Amino acid sequence: MFRKLKYSHISSLSANYSTKVSIDPNLKESFDAQIYKPRKHPGTNRVKIASIPADIRKAIKIILDDARAKSLHQESIKLKNHLQSRLLPPEEKEINLKAAQIHDSISQRTFSKINKELSQEELQNMKKQVQNTVFNILKTNVYRWGNISYDKPTSLQYLMTRAAPEYAVLVRVLDEIRRVLPDYKPRSFFDFGSGVGTGTWALNTYWKGEIYEYFCVDTSAHMHDLARLILCEGKDNVELPYKCYYQRQFLPASTDLRYNIVLSAYSLFELPSMKSRLETIQKLWNKTEDFLIIIEHGTNAGFRAVNEAREFILNLPKDSSNRGYAFSPCPNDSVCPRYLDHQTPCNFLMKYGSLGYHSKSEVLADLYTYVILRKGDRPNDDPQWPRIVRAPIVRSGHTICRMCTAQGELKEIIFSKGKHDQTMYRCARSANWGDLLPIK
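Predicted model only: the values in this text are computed from it and were never measured. (Residues numbered from 1 in each chain as written. Predicted model: local features only at pLDDT ≥ 70, side-chain atom pairs only at ≥ 80, totals over all residues. Heavy atoms only, no water.)

A. Representation of the pattern of salt bridges. Counting across every chain of the model gives 21 salt bridges. Taking the shortest distance from any N to any O, the salt bridge between Arg-162 and Asp-366 comes out at 3.5 Å. Placement of Arg-162 in helix 7 (residues 152-180) and of Asp-366 in strand 9 (residues 363-375) is noted, with a sequence separation of 204 residues between them. In this structure, Arg-162 and Asp-366 share a single accessibility class: buried. (Salt bridge = Lys/Arg side-chain N within 4 Å of Asp/Glu carboxyl O. Helix = DSSP H or I, 4+ residues; strand = E, 2+ residues; numbered from the N terminus. Buried < 20%, exposed > 50% of the residue type's maximum accessible area, 1.4 Å probe, protein only.)

Laid out in structure tokens, this is it:
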């Protein structure tokens, strides 16, 4: 199913430091003519901080006030912490292997203490005792996964604690498409695990008036109710502002209809196994006309889910309907070097304005991991600039940038005044975590 992972030897830092780079020749004249500046070039992130739009925020306040949701504040914090600490459900093979190892250890320890021949009844009792011990150890050593039932109180808690960071992350990720393809105008949107509707809000930030169909899938009827109520400014019995806005509790079986943008944001952890996750990803890819976007929390588990989906799509048979490539954040379609070399997540940081319902609004930050997969072949004119995958280390006279390159490698380069031209040095100096650096 997946490409064979080859664990390459990590090159020394000194070798990375000596890498020779230069500004992309296609941009050199633009920098010289000051059309682009080092602080603002085509590779920089344009969304530094995002807050929920005022009309959405107002609707949320009306809904929360009507529900007397201030009493849910502490529970919403617990829900947030639980969501950020979740792991993927353990696979049956993993559980069986761990059970066999524990069983062997307990059996050896138990039977080694016996120095007499056991009767058949005694032997059966001993085996039963071993099995009970194994079961009790498994209960404490195997992650107890469970999907979350979003009833009305839980849905309100989710709205209070997750709407603001999710909206900000979605705006930031969607801007990757808008920055590279400023003339792109999607006409349809499919949101798997749509929740309270953050995907719709974010999409309308850039393409409001362009979308003729919104299709939202979520198993929770209460989430659907909240999403509709927010779009109707917190008022009941009001007509939705969008004519073609559909809500369903399950994925449609038909694959005839395709959507320009298909989104799965913070939804894969609700699926019970790798098999169900990959089956869902395949269905979403089949529904994709242009872009499939997958976003999860920026934890190791979240990155594992996103990378699993990325590998699955890029490893599909390359027929006309399956062909695709990593549009962002990856400048390559290779096996992720961040996962191979360091076993740490490829994640990014997004600042956002909090909802400000229970207390004053403040600027917070959220870690996320994502991939945008685009249908078709990678364009020949794709510059494939390296992506900065950790916050640059800025020092007096030099800057250290850690990047993922078009060759599928992690590189760490020291940019200094003495060894690099002024434009390149200033680009590195002003770079941020998640930016593309326009170098070759």
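B. Representation of the side chain of Lys-287 in the model. For Lys-287, the position within the fold is in the loop between helix 10 (274-286) and strand 6 (288-297). In this structure Lys-287 is buried but unpaired, with Asp-256 as the nearest side chain of opposite charge at 8.5 Å. Among the polar contacts listed, one links the side chain of Lys-287 to the backbone oxygen of Ser-254, at a separation of 2.6 Å. (Lys, Arg positive; Asp, Glu negative; His and termini not counted. Polar contact = N/O pair within 3.5 Å; in protein donor to acceptor, adjacent residues only side chain to side chain.)

C. Broad picture of the domain arrangement of the protein chain. Along its sequence, the protein chain is organised into domain 1 (25-43 + 385-436), domain 2 (49-87 + 150-375) and domain 3 (92-111 + 119-141). For domain 1 versus domain 3, the separation of C-alpha centres amounts to 57 Å. (Domains from an automatic or database assignment.)

D. Region of the structure containing empty space enclosed by the protein. Considering all chains together, one arrives at two cavities of 30 Å³ or more under this definition. Lining of the largest cavity is provided by 22 residues; of these, Phe-303, Pro-329, Cys-330, Cys-336 and Cys-346 occupy positions nearest its centre. The element that contributes the greatest number of residues to the lining of the largest cavity is helix 11 (residues 300-314), accounting for four residues. Its residues assigned to classes, the lining of the largest cavity shows 15 nonpolar, four polar and three charged. (1 Å grid on protein atoms, 1.4 Å probe; cavity = no way out; pocket = protein on both sides within 12 Å on 5 of 7 lines; lining within 4 Å. Points joined across faces, edges and corners; volume = space filled by probe spheres on them. Nonpolar A, V, L, I, M, F, W, Y, C, P; charged D, E, K, R; others polar.)

E. The arrangement of the packing of aromatic side chains in detail. As enumerated under the stated definition, the model contains 18 aromatic pairs in all. Between Tyr-184 and Trp-207, the aromatic rings sit 6.2 Å apart at their centres with planes inclined by 85°, giving edge-to-face as the arrangement. Of this pair, Tyr-184 sits in the loop between helix 7 and strand 2 (188-192) while Trp-207 is found in helix 8 (residues 198-207), placing the two residues 23 residues apart along the sequence. In this pair, the class of Tyr-184 matches that of Trp-207, namely buried. Connected via pairs of aromatic rings, a cluster forms that spans Tyr-184, Tyr-206, Trp-207, Phe-291 and Phe-327. It is Arg-162 that lies over the ring of Tyr-266; its NZ or CZ is 5.0 Å from the centre. (Phe/Tyr/Trp six-rings, centres within 6.5 Å; stacked < 30°, edge-to-face > 60°. Lys NZ or Arg CZ within 6 Å of the ring centre and 35° of its normal.)

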